[in-house]
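# Descriptive structure summary
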Amino acid sequence: MSDVKLKTKTCSFPAHKFILSARSPVFKTMFSSDMRESTCDSVDIRDLEDDTVKRMLRFMYTADVVDLGWNSASDLYAAADKYEVLTLKEKCSSYLKPT
């Protein structure tokens, strides 16, 4: 029932443009402008690891982040920054702050 796939170097993750657009202004622009992604059924995300995309999608659908470590939080923060998922950035930054 998905209408878009997020493609990394090695995996493809099914998703819904509506959910991605609701959570990310970057995805919203991609899907509602004259960009290639608006008419395509896939988005290439070659610069992020599979685990990072999976975690970002989980957050976008559930607002949940589980089992964060330093590296995964750092990578997820970079992804959240790239796609302007501000609430995910906040969660990652609070994890990364020294105590």
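Check the entry above for the structure.
Below or above, wherever it landed, is the structure these notes cover. Fair warning: this is a prediction, and the values are worked out from it, not measured in the lab. (Residues numbered from 1 in each chain as written. Predicted model: local features only at pLDDT ≥ 70, side-chain atom pairs only at ≥ 80, totals over all residues. Heavy atoms only, no water.)

### Here's the deal with the pattern of salt bridges
Scanning the model with the defined rule gives five salt bridges in all. The salt bridge partner of Arg46 is Asp44, with a shortest N-O separation of 3.6 Å. Classification of Arg46 as partly exposed rests on a relative accessible area of 42%. Lys82 is the salt-bridge partner of Asp47, the closest N and O atoms lying 2.8 Å from each other. (Salt bridge = Lys/Arg side-chain N within 4 Å of Asp/Glu carboxyl O. Buried < 20%, exposed > 50% of the residue type's maximum accessible area, 1.4 Å probe, protein only.)

### Thoughts on helix α2 (residues 25-32)
Among the residues of α2, Val26, Phe27, Met30 and Phe31 are the ones counted as buried. Viewed along the axis of α2, the buried residues span an arc of 125 degrees, placing them on a single side of the element. Buried residues along α2 sit in contact with β1 (4-7), α1 (17-23), β3 (42-44), α3 (50-62) and α4 (70-82). (Helix = DSSP H or I, 4+ residues; strand = E, 2+ residues; numbered from the N terminus. Arc of directions from axis to C-beta. Contact = heavy atoms within 4.5 Å.)

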